[in-house]
Structures are given as structure tokens and as C-alpha cells.
Amino acid sequence: MHPLKWFDKLTMSGYELCTCASMPARLATRMVYFANSQSGRRIRVIGFLGGTGLEGRGLALRFALAGERVVIGSRQAVRAQEAARAVLERGSVEGVSGASNREAAEQAEVVFITCPYQAQAGLLEPLAEALAGKLVVSTVAPLAFDEGSAGLIQVPEGSAAEQARRLLPESRVAAAFQNVSAVDLWSPSRALEGDVLVCSDDEQARLQTMELARMIPDLRPVDGGALRVARYVEGITALILNLNRKYKTRAMIRMLGLEPSERH
């Protein structure tokens, strides 16, 4: 971290809050939640399809800490309910429930895809009607592993996010959070210092997803442009995993040299 550190300003109905990168992550998140509650911001329901894995539980935890209601989806509702209980216990939060993937898709206003790529098509095809008109955020990276080394699966549509768009023609599809450590998401005391590249062909979907990223302290959203760019962002995930294995760390990315107007 640069000695000067960086600050993220949140202005909501006259309330302005600065969170500092040196602030404990849980405290910063609670301050965001307080600002949201004081501003009268309407609480959304955010769903996580295939959300029982570490990525889904980690994102659910972070958004619950920020004051949103979350519903974790799974093929088996009992597994989703177990994951919801784990999130509740992990973060001492409220408003977390578990349901089937279909119920999560129907209940949520914003939906995250957090399943492995290999399960994505089978998951999304029957949910296209339930997800029509909704913001759907793909966090999926099409990864394959060979002796511990991460590589990319070639996706006919170009990327997992573009496949999701084909399967959900009436949804507003964005891609984000592929490069954020699931382990760190699941550790509420750990600050997530890095950038979230957001891609979508729908400008409003892109802006909404960037606002969601801002709800997690120390993450900075960067406008990545069209959804076709997601194929390169997904590829960065494989690079990060290989670097993590080599250097025994959990790296994230930060784009340098961007002016504020270019990243927001």
C-alpha cells in the first residue's frame, strides 16, 4: 500500500463517509452499513446461484455485512440452508437465507453466478424466465487444472460471461469479481485491496455492478468496457492462481495510471 493510502468516498442523501485502507475491514463495512441505513437506502435482495462454494459464501458474507439481504441458492435447498447458517455465524450478520437455485433466482433483484463453469449451462438454461429483466453478474472463470497448474477452458462463446448472456437473453449480464480471492472474501477481518474489473454491454448494468463493488471496503471498481473483454479478465484468474501457487500468497490486481474519471 502506498504510504499516502487511498480513500473511497461514499455520498448518500447528504451523508458522506470516507473509508481508509488502513481501517479494519469489518469496521469499514459496518460504517458503510451505517451510512446506508441513515440515508434510507432501500435494502435489496441479492441472490447467489450455485452459492454454496467459497466464492458464493464469501460474496454473500460481504454483502450481508454491508447491510443487504442475501439468498444463497443450490440444487439442494438443504445445502443452501447450511451455507446460509455458516454465513450467519461467520459474520454475525442478519438477513441471510438458503433456497433452491430457482427460488433464489425468483426472490433476488440482483443475481450472482458463483458456480463452476462446468455447471453453468445446466444451471442457467432453466432459469432464463425467472432471471428476465434482472441484473445478473457472472463471477465465473472457465478453469481447468493439470497437476495443480491452472489453465483456461476454451469457451465457444468466448468467455463464461458471454455464454451466460446467450443463455439469458432477457437479462442484463455483467462480469466482475473473477479476480478476487474467495478465501479473502470469506475472512471478514481481511481487507480486500485491489480492483474489480467490470464488463457489460449494458451501461446501466455496468454502473450498477460497479456500485455493488464499492460496497465492499477497499475494493475499487474499474470500468472494463464491453462484455467481450471479460474473456481477458477471466484469463487473469488463471494467471493469479498460478502466481499464488508459486509464491504461496493470495495476489490481487490493481490497475495503475488511471484517472478517477477513467475507473469510475
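First, a word on scope: everything that follows refers to the structure included in this document. (Residues numbered from 1 in each chain as written. Predicted model: local features only at pLDDT ≥ 70, side-chain atom pairs only at ≥ 80, totals over all residues. Heavy atoms only, no water.)

### Examining the pattern of salt bridges
Note the cut-off: Here, a salt bridge means any side-chain nitrogen of Lys or Arg that lies within 4 Å of a carboxyl oxygen of Asp or Glu. Secondary structure follows DSSP: runs of H or I at least 4 residues long count as helices, runs of E at least 2 residues long count as strands, and numbering of each begins at the N terminus. Here's how the labels work: a residue is buried when its accessible area is under 20% of the maximum for its type, exposed when over 50%, partly exposed in between, all with a 1.4 Å probe on protein chains only.
Taken as a whole and judged by the stated rule, the model has 10 salt bridges. With its nearest N and O atoms 2.2 Å apart, the salt bridge here joins Asp201 to Arg165. Remark: Arg165 occurs in helix H6 (residues 160–167) and Asp201 occurs in the loop between strand E11 (194–200) and helix H8 (203–214); sequence separation between them is 36 residues. On the basis of relative accessibility, which here comes to 34%, the residue Arg165 falls in the partly exposed class. With a shortest N-O distance of 2.9 Å, Asp223 and Arg206 are connected by a salt bridge. Placement of the pair is Asp223 in strand E12 (residues 219–225) and Arg206 in helix H8, with a sequence separation of 17 residues. On the accessibility criterion, Arg206 (14% relative accessible area) is buried.

### Topic: the nonpolar core
The criterion, for reference: Put simply, buried Ala, Val, Leu, Ile, Met, Phe, Trp, Tyr and Cys residues joined by side-chain atoms within 4.5 Å make one nonpolar core. In this description, contact between two residues means that some pair of their heavy atoms is separated by no more than 4.5 Å.
Counting residues in each nonpolar core, the largest one holds 38 residues, and the members touching the most others are Phe63, Phe112 and Phe177. Counting residues per element, the ones that place at least two in this core are strand E3 (45–49), helix H2 (54–65), strand E4 (69–74), helix H3 (77–91), strand E6 (110–113), strand E7 (135–138), E11 and H8. Broken down by element, this core gets its largest block of residues, 6 residues, from H2. Setting aside its immediate chain neighbours within four residues, Phe112 contacts Ile46, Gly47, Phe48, Leu49, Leu59, Phe63, Val137, Thr139, Phe177 and Leu212. Ala175, Leu197, Val233 and Ile240 belong to the second-largest nonpolar core, a separate cluster that totals 34 residues.

### Some remarks on the environment of Val78
Mapped onto the elements, Val78 comes out in helix H3. Distance from Val78 to Ser100, taken between C-alpha atoms, is 8.3 Å for residues 22 residues apart in sequence.

### Observations regarding the side chain of Thr139
The cut-off we apply is this: What qualifies as a polar contact is a pair of N or O atoms within 3.5 Å, subject to a donor-acceptor requirement within protein and to the restriction that residues adjacent in sequence count only when both atoms come from side chains.
When you line up the elements, Thr139 lands in the loop between E7 and strand E8 (143–146). A distance of 2.7 Å separates the side chain of Thr139 from the backbone oxygen of Ile113, its partner in a polar contact. Aside from chain neighbours lying at most four places away, what touches Thr139 is Glu55, Leu59, Phe112, Ile113, Thr114, Ala176, Phe177 and Gln178.

### Digging into unusual backbone geometry
The phi dihedral of Ser92 falls on the positive side, at around 50°, and the residue is not glycine. Its location among the elements puts Ser92 in the loop between H3 and strand E5 (96–100). Even without being a glycine, Asp218 presents a positive backbone phi close to 75°. By the secondary structure assignment, Asp218 is in the loop between H8 and E12. Note on Asp218: relative accessible area 4%, which makes it buried.

### What about a nonpolar patch on the surface?
Convention followed: Each patch is assembled from residues with relative accessible area greater than 30% and no salt bridge, linking like charges that lie within 9 Å and nonpolar side chains (Val, Leu, Ile, Met, Phe, Trp, Tyr) that lie within 5 Å. Accessible surface area values rest on a Shrake-Rupley calculation with a 1.4 Å probe, where residue burial reflects the displayed protein chains alone.
Among the surface-exposed residues, Leu239, Leu243 and Tyr247 lie close enough to one another that they form a single nonpolar patch of about 320 Å² accessible area. Among the residues examined, Tyr247 registers a relative accessible area of 56% and is labelled exposed.

### Quick notes on the layout of surface pockets
Test applied: Points on a 1 Å grid, built from protein atoms alone, make a cavity when a 1.4 Å probe fits but cannot get out and make a pocket when they are open with protein on both sides within 12 Å along at least 5 of 7 lines; residues with an atom within 4 Å of a point are the lining residues. Grid points are joined across faces, edges and corners, and a volume is the space filled by probe spheres set on the points.
One number sums up the size of the largest pocket: a volume of about 640 Å³. Together, 29 residues line the largest pocket, and Glu55, Leu143, Ala182, Thr237 and Leu241 are the ones closest to its centre. Secondary-structure elements contributing two or more residues to the lining of the largest pocket are H2, helix H5 (117–124), E8, helix H7 (182–185) and helix H9 (230–247). Ranked by the residues each element gives to the lining of the largest pocket, the list is headed by H9, at 4 residues.

### As for the environment of Gly151
With respect to the helices and strands, the residue Gly151 is situated in strand E9 (residues 149–152). Each C-alpha atom, one on Gly151 and one on Thr237, is 9.2 Å from the other, the two residues being 86 residues apart in sequence. Contact partners of Gly151, with chain neighbours within four places excluded, come to Pro142, Leu143, Ala144 and Ala238.

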